[in-house]
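# Coordinate inspection notes
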Amino acid sequence: MTTEQLISKTITFVKEQLVNAEGGHDWFHIQRVLNNAMLIAKSEDVDVFIVQLGALLHDIADSKFHNGDETVGPRVAREFLLGIHVNHEVIEHVINIIENISFGGGNKPQHFKSPELDVIQDADRLDAIGAIGIARTFNYGGFKDRTIYDPDIKPNLKMTKEEYKASNAPTINHFYEKLLLLKDKMNTKTGQRIAANRHKFMEQFLEQFYAEWNGEK
């Protein structure tokens, strides 16, 4: 099969796998990450085929929805890629991307590095900030039945990876525990440029949020 046919089969597979996914981690999230990745890739020296596969499969079985099991996603992706006869080296690269893309509270060690991972990681993080990021954050907070905000529960910036995954803190805390940290974790110049604008929008949102919460506006 041509690379175009392999990508087409992958898109079909991902859509089928995520048909009932939570709104912030559904096919449209994957599509946005793919679009972000392809935009960033224009300015980077990368293997576009690996970028496409990695972006499409990076959240094929997010551990948040599998009792924290981080092995499900890589296993599902590997079985699929073997089934459509993708080159072994490409498969290993994509699996490494899936295993190392996560934020994990900002304290998760990254055991693999590549330009393709840099691009996809930036693309994924861009979808976690800005207007889309705000929408996804509150959608997931509602999905997990979390409170919107509690002034008595302060953000925890020193969580371990395990504490981060188990946290049930109010949704607003997530801005400080992850979203507002992402701007300075971008790998590429394009990612940094886009992130700066989206970061500023989140700061404006929070300023308005607190003003309304306190009855000032």
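Let me begin by describing the structure that accompanies this report. (Residues numbered from 1 in each chain as written. Predicted model: local features only at pLDDT ≥ 70, side-chain atom pairs only at ≥ 80, totals over all residues. Heavy atoms only, no water.)

Below, the discussion takes up the overall build of the protein chain. Secondary structure assignment for the protein chain yields 10 helices and 0 strands. Along the protein chain, from the amino end to the carboxyl end, the secondary structure elements read α-α-α-α-α-α-α-α-α-α. Computed over C-alpha atoms, the radius of gyration of the protein chain comes to 18 Å, within 12% of the 17 Å expected from 2.2 N^0.38 for 217 residues, which places it in the range of a compact globule. If you line up the protein chain on its principal axes, its C-alpha atoms span 60 × 35 × 30 Å. Counting all 217 residues of the protein chain, 48% fall into the buried class. Contacts spanning at least 24 positions in sequence make up 65% of the contacts within the protein chain whose residues lie at least 6 apart. Carbon and sulfur atoms make up 50% of the accessible area of the protein chain, which amounts to about 11300 Å² in all. Here the protein chain contributes 25 positively and 31 negatively charged side chains, and the mean placements of these two sets differ by 2 Å. (Helix = DSSP H or I, 4+ residues; strand = E, 2+ residues; numbered from the N terminus. Rg over C-alpha atoms; globule rule 2.2 N^0.38 Å. Buried < 20%, exposed > 50% of the residue type's maximum accessible area, 1.4 Å probe, protein only. Contact = heavy atoms within 4.5 Å. Areas by Shrake-Rupley, 256 points an atom, 1.4 Å probe, with all protein chains shown as cover. Lys, Arg positive; Asp, Glu negative; His and termini not counted. Charge placed at Lys NZ, Arg CZ, Asp CG, Glu CD.)

One non-glycine residue with positive phi stands out, namely His85, at about 65 degrees. The class for His85 is exposed, based on a relative accessible area of 68%. The phi dihedral of Asp145 is positive, around 60 degrees, even though this residue is not glycine. Mapping Asp145 onto the fold places it in the loop between helix 7 (130-143) and helix 8 (161-166). Look at Asp145 and you get exposed, because its relative accessible area is 69%.

Okay, the side chain of Thr137 next. Structurally, Thr137 is set in helix 7. Setting aside its immediate chain neighbours within four residues, Thr137 contacts Thr171, His174, Phe175 and Leu179.

On to the pattern of salt bridges. Considering all chains together, one arrives at 5 salt bridges under this definition. A salt bridge links Arg32 to Asp127; the nearest nitrogen and oxygen atoms lie 2.6 Å apart. Of this pair, Arg32 sits in helix 2 (residues 27-41) while Asp127 sits in the loop between helix 6 (115-126) and helix 7, and the two are 95 residues apart along the sequence. Looking at Arg32, the relative accessible area reads 23%, which means it is partly exposed. The residue Arg78 makes a salt bridge to Glu92 at a minimum N-O spacing of 2.5 Å. Remark: Glu92 occurs in helix 5 (residues 88-100) and Arg78 occurs in helix 4 (residues 72-83); sequence separation between them is 14 residues. Judged by its relative accessible area of 30%, Arg78 is partly exposed. Of the residues examined, Glu92 reaches a relative accessible area of 27% and is grouped as partly exposed. (Salt bridge = Lys/Arg side-chain N within 4 Å of Asp/Glu carboxyl O.)

Between helix 3 (residues 48-57) and helix 6, the least distance of the axes is 9 Å, while the angle of their chain directions is 45 degrees. As judged from the angle between their axes, helix 3 and helix 6 are oblique. Crossing of helix 3 over helix 6 shows right-handed handedness. Together, Ile50, Val51, Gly54 and Ala55 of helix 3 and Glu116, Val119 and Ile120 of helix 6 make up the contact between the two elements. Its residues assigned to classes, the contact of helix 3 with helix 6 shows 5 nonpolar, 1 polar and 1 charged. (Axes fitted to C-alpha atoms, helices over the stretch in contact; angles between N-to-C directions. Parallel < 35°, antiparallel > 145°, perpendicular 65-115°, else oblique. Left-handed = near helix turned anticlockwise from the far one by under 90°. Nonpolar A, V, L, I, M, F, W, Y, C, P; charged D, E, K, R; others polar.)

The quantities given are spatial measurements derived from coordinates; they are silent on function.
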